Amino acid sequence: MKFAAVGVVLLVAGFFLFQKYKPKEAPPPAPMEALAPPPPPAPLISPEEEAKIVKSASDDNPEVRWEALKLLDKMKAPSALPLLLEKFQKDPEIPLRVRIAEMLGARKSPDVSRVMVAGTKDFIPEIRVAALKALEAQKDVTTASAVTDCLKDPEEAVKLQALKTLNALQETRAAEIAEENRRQEEIRRQAEEAAKQGQ
């Protein structure tokens, strides 16, 4: 019996020692909803630095102006589009204005269309051609009338680009019409199927 009592004491002591030194369980992971999303990365350029870049867009060197405009556009700075539109209309360097027109052609904006339509009446032929190319890239069919007016231009290059732009606008309009016809046909087909199922 003495051995049994010692065995029970050792067993109880072992149990308490095990409880004291056993590895603790990790707390359950936090639910996914409770985890906050990581903060967005800090902007590369501070507002003060952006103001310096905007100022560089008026530098005497046209290459500096161009690089500043490109950077503002890449940064998606609020000042980028108004500045690009202004420089397209007023910058003294023709090659810079042509580059700006190419950049603006990728923008779908009524402001851009309006400024490019005005550009088709510029007194410099290269600017008229650049504006027509931008309108072609935009595929804004609402500008077709203004583009058609360019067919009366005295410069052959402008007339040629006006025809190319009108061709592109016509293709866009034809695609819109085909899509609308397809959509109307689908609606008609669904209505017919619904009518058959209702009988």
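Rules and cut-offs
- Residues numbered from 1 in each chain as written.
- Predicted model: local features only at pLDDT ≥ 70, side-chain atom pairs only at ≥ 80, totals over all residues.
- Heavy atoms only, no water.
- Helix = DSSP H or I, 4+ residues; strand = E, 2+ residues; numbered from the N terminus.
- Buried < 20%, exposed > 50% of the residue type's maximum accessible area, 1.4 Å probe, protein only.
- Contact = heavy atoms within 4.5 Å.
- Areas by Shrake-Rupley, 256 points an atom, 1.4 Å probe, with all protein chains shown as cover.
- Salt bridge = Lys/Arg side-chain N within 4 Å of Asp/Glu carboxyl O.
- Axes fitted to C-alpha atoms, helices over the stretch in contact; angles between N-to-C directions.
- Left-handed = near helix turned anticlockwise from the far one by under 90°.
- Nonpolar A, V, L, I, M, F, W, Y, C, P; charged D, E, K, R; others polar.
- Phe/Tyr/Trp six-rings, centres within 6.5 Å; stacked < 30°, edge-to-face > 60°.
- Lys NZ or Arg CZ within 6 Å of the ring centre and 35° of its normal.

A. Summary view of the overall build of the chain. From N to C terminus, the chain includes 9 helices and 0 strands. Reading the helices (α) and strands (β) of the chain from amino to carboxyl end gives α-α-α-α-α-α-α-α-α. Taken over 199 residues, the chain has a buried fraction of 30%. Taking the intrachain contacts of the chain between residues at least 6 apart in sequence as the baseline, contacts between residues at least 24 apart amount to 56%. About 14200 Å² of surface is accessible on the chain, with carbon and sulfur atoms providing 63% of the total.

B. Summary view of the pattern of salt bridges. Within this structure, the stated rule accounts for 15 salt bridges. Between Arg173 and Glu176 there is a salt bridge; the shortest N-O distance is 2.9 Å. With Arg173 and Glu176 both in helix H9 (residues 156-198) and 3 residues apart, this pair spans about one turn of that helix. By relative accessible area, Arg173 is classed as partly exposed at 38%.

C. Just unusual backbone geometry, in detail. Of note in the backbone geometry, Lys76 takes a positive phi value of approximately 55° without being a glycine. Checked against the element boundaries, Lys76 lands in the loop between helix H3 (62-75) and helix H4 (80-90). With a phi close to 60°, Lys139 is a non-glycine residue in the positive phi region. You can call Lys139 partly exposed: its relative accessible area is 47%.

D. Highlighting the side chain of Gln161. Tracing the sequence through the fold places Gln161 in helix H9. The buried category is assigned to Gln161, whose relative accessible area is 5%. Residues contacting Gln161, with those up to four places away along its chain left out, are Val129, Leu132, Lys133 and Glu136.

E. Focus on the packing of helix H6 (residues 110-119) against helix H7 (residues 125-138). At their nearest, the axes of H6 and H7 sit 8 Å apart, and the two run at 145° to each other. For the crossing formed where H6 meets H7, the hand is left-handed. Across the interface between the two elements, Val112, Ser113, Met116, Val117 and Gly119 of H6 pack against Ile127, Arg128, Ala131, Ala134, Leu135 and Gln138 of H7. Split into classes, the residues belonging to the contact of H6 with H7 amount to 7 nonpolar, 3 polar and 1 charged.

F. Inspection of the packing of aromatic side chains at higher detail. Enumeration according to the criterion identifies 0 aromatic pairs in this entry. Over the face of the ring belonging to Phe88 we find Arg97, whose NZ or CZ atom lies 5.7 Å from the ring centre.

By themselves, these are just geometric observations and shouldn't be taken as functional.
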